[in-house]
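Listed here are the chains, written in short residue letters.
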Amino acid sequence: MRSLLLPPLIIALAVAATAPPATAATRGATRTTTIVVAADGTGDHATVQEAVDAVPSGNRRPVTILVRKGTYRQQVVIPADKPHISLVGDTRDPREVVLTFDASASTQKPDGSGTYGTSGSASYTINAPDFTARNLTFENAYDEAAHGNSQAVAVKTAGDRQVYDNVRFIGDQDTLYANTATAETTARQYFTDCYVEGDVDFIFGRATAVFDHCLIKGKTRGSADNNGYVTAASTELGNPYGFLIYRSHLTSDAPARTFHLGRPWPAGGSATARGQVLVRESWLGQQIKDAPWTDMSGLNWRDARLSEYLNHGPGAAVNDDRPQLGRREAAAFTPRRYLAGSDGWNPVRGHRDTPRETGREVLPRDDGWASATTGTTGGSAARPEDVHVVRTRAELVAALGDPADNTPRIVYVKGAIDAHTDDDGTPLTCDDYAVDGYSAPAYLAAYDPAVWGRTSVPSGPLEEARKASYAKMAEHVTIRVGSNVTLIGLGRDAALKSFGVRVSDADNVIVRNLTITDTSDCFPQWDPTDGADGNWNASFDNVEVSGSTHVWLDHNTLNDGDSPDSGQPSYFGRPYQVHDGLLDVVRGSNYVTLSWNHLSEHDKVTLIGNTDDPARYGEQDKLKVTVHHNYFEGLGQRTPRVRFGQVHVYNNYYTGGDTHGYSIGVGFGSQVYAESNAFEGIEASKVLSVFKGTAITARNNLVDGAPADLVAAYNAANGASIGSDAGWTPSLFTRVQPPQALHALVPARAGAGRLR
């Protein structure tokens, strides 16, 4: 009988399949066989299924199927009798290796035998135990818009001890079917640093599955009230562990309050399926409904096991429709407890609290109000494809994206970027924003008090033209920073020139190491009724934090650059004011830390709180802000001026100048705690100013190197009796420095380019 000559690869795999199990003595010598898949024919196989077929049944040694960059369209099955396979993309970017197919449950099979059905629609069916996937994308490319809504599975998993690391799962309905071989068996599956997107029930099944530090995106279906369901767990009652979504981000492009966290699925009509889902310590976007769980197929969600624990973000809430685990209960529902089983399996990765690169650094524990509750992590969870380095305005706008898209991202600014440039980089001037016949000379002529008078604000065609011109400019120079973003400068020369940076209605934002300069208004308004002599009013802040929570601004330099107030002309006997605030925290913002910033060359610096009306923005119990180790150099006023908020002002260094009016403004309802600050060139009686406030705690402050009682100095100079107890004591702060050291320490370390 003639012998068959087998390729060396098949011989090696056959030997691996029949070799005895590794022992303690031989385990270190176990070798991994690598099979290369390349669509261009340069590998061992051109398709993934061919590579899987080359692995013998009963395989007992590690086999890596390495897939080179490209898109591979094919349905693939990895059977249960082929364990120990690792399916790995050839690059760290999972977008570069795409494993796809486009069948749906309703799609007719090519052989005419009927439709695929839900399970049959899977692009990949992975039944093997001890399987790993890494650095690739699984996709079901079925087009709902073209062919109608239908289940279309990207991956169906059924094997035990499976790991998915840096893997993307792309689809619409039923994207990821995390399942078991039978209702009586358990399958544990660990998804780490993953990305899953879909709309209806897009994580579903009866597996025990942990999603650890993943990005889970609900896609809009265009509905105003119901865009879908993240989970549809069918966990059997005998299994305490179903789906755990842990320290992940749930984002969406859907409107607010239109997405469910999930519903329990009685798979196959099972009478013993009671889905178990826990979403814990995760960031929930605005899309999550206030009542996020709902019924399915006759099974009441309250009869299932659906709960949350310590979530945060605009979609997080605690109410009667959102069951919460207690602290003791939560100890039994950790990633390790879910996955341990009877064999002690523990694939759980250790995620660094302080990542290696500066863009992934998070606010340290106890560093002011922004560290309260869930802390501030910005874009530290960004996937590689959401980390950008930008050098132009167009790149910056594209990298920041839609503020409503809560996808974690890191945006590094390289060099100086000027807002007054178009998409091609051509410089723009104020004239390029002027519309409807606006010109500064015409405006001055029309509203000269000698012509217009002093009893009413400007109106008419030129005032409307000014407003329209301002709106055009604002649209171009304003950048909006959304939730889960870190905006950070690379090096000492990173700058945003003439931009208005807006952190509006966002949560979890970090802005660091940037010079933000020369934010001036080309179209200030003249208001003859503002004060005794009238005033020019501008409408741009360098940075405005508005209606936002958990914001950290650190090591930034803010000033007026080439357009200082001192260089502006006077019209109608009043300074032509082209600047508003340098750094304002307004409209009910909360949990903000401002640290190690350098602010200079400005009059109205930092306003905390908009109005004395507590009902307008609901600010009475908000505006919790920490201001520490900032260098306030030669400023006019508002460093800061506070309404309502519990504001801790400590270890800041202040210098006076010709334009200084006051430093800390004690406004209506404010609770300012000012300690261990150093003031130089500022009279003790002019550190404070009172705007309907009643008390401030001021302790251990220095004025020109000598201890000073700021409250007593103000009261003596003004015949006032402001109280000296703000009514609270800060508990979230880093070590307080002796104020004697601040004159050297703070100028040396505050501002852009000084991160250490």
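Everything below is about the structure printed above this text.
Residues numbered from 1 in each chain as written. Predicted model: local features only at pLDDT ≥ 70, side-chain atom pairs only at ≥ 80, totals over all residues. Heavy atoms only, no water.

(A) Region of interest: helix α7 (residues 393–400). Listed as buried for α7 are R393, L396, A399 and L400. For α7, the angular spread of buried residues about the axis comes to 130 degrees, placing them on one side. Looking at the residues trailing α7, positive phi occurs at G401, about 65 degrees. (Buried < 20%, exposed > 50% of the residue type's maximum accessible area, 1.4 Å probe, protein only. Helix = DSSP H or I, 4+ residues; strand = E, 2+ residues; numbered from the N terminus. Arc of directions from axis to C-beta.)

(B) How the structure looks around the state of the cysteines. Under the counting rule described, the total for this entry stands at two disulfides. Here C194 engages in a disulfide with C214; their sulfurs sit 2.2 Å apart. Taking the sign of the S-S torsion, about 120 degrees here, the bridge from C194 to C214 comes out right-handed. Here C194, found in the loop between β12 (188–192) and β13 (195–198), pairs with C214, found in the loop between β15 (208–212) and β16 (215–218); they are 20 residues apart in sequence, far enough to count as distant. For the pair shown, C194 and C214 are each scored as buried. The disulfide partner of C430 is C522, and the gap between their sulfur atoms is 2.0 Å. Judged by the sign of its S-S torsion, about -70 degrees, the bond between C430 and C522 is left-handed. Of this pair, C430 sits in the loop between β25 (409–418) and α8 (440–447) while C522 sits in the loop between β30 (515–517) and β31 (525–527), placing them 92 residues apart in sequence. The exposure class assigned to C522 is buried, which follows from its relative accessible area of 13%. Within the protein, bonded cysteines paired by disulfides and numbered along the sequence follow the pattern 1-2, 3-4. (Disulfide = S-S within 2.5 Å.)

(C) Layout of the environment of V155. On the secondary structure map, V155 appears in strand β9 (residues 155–157). Not counting the four nearest positions on each side in its chain, V155 is found in contact with Y124, I126, F138, F169, T175, L176 and Y177. (Contact = heavy atoms within 4.5 Å.)

(D) A look at the packing of aromatic side chains. Across all of its chains, the model carries 36 aromatic pairs by this definition. For the ring pair Y164 and F191, a centre distance of 4.8 Å and an interplane angle of 10 degrees mean the geometry is stacked. In this pair, Y164 is assigned in strand β10 (residues 162–170) and F191 in strand β12, connecting sequence segments 27 residues apart. Of the residues examined, F191 reaches a relative accessible area of 0% and is grouped as buried. Aromatic pair Y177 and F204: ring centres 4.2 Å apart, planes at 20 degrees, arrangement stacked. Placement of Y177 in strand β11 (residues 176–178) and of F204 in strand β14 (residues 203–205) is noted, with a sequence separation of 27 residues between them. Its relative accessible area of 3% is what places F204 among the buried residues. When the ring centre of W369 is taken as origin, the NZ or CZ atom of K624, which lies over that ring, is 5.9 Å away. We note R641 situated over the ring of F691; from NZ or CZ to the ring centre the distance is 3.9 Å. (Phe/Tyr/Trp six-rings, centres within 6.5 Å; stacked < 30°, edge-to-face > 60°. Lys NZ or Arg CZ within 6 Å of the ring centre and 35° of its normal.)

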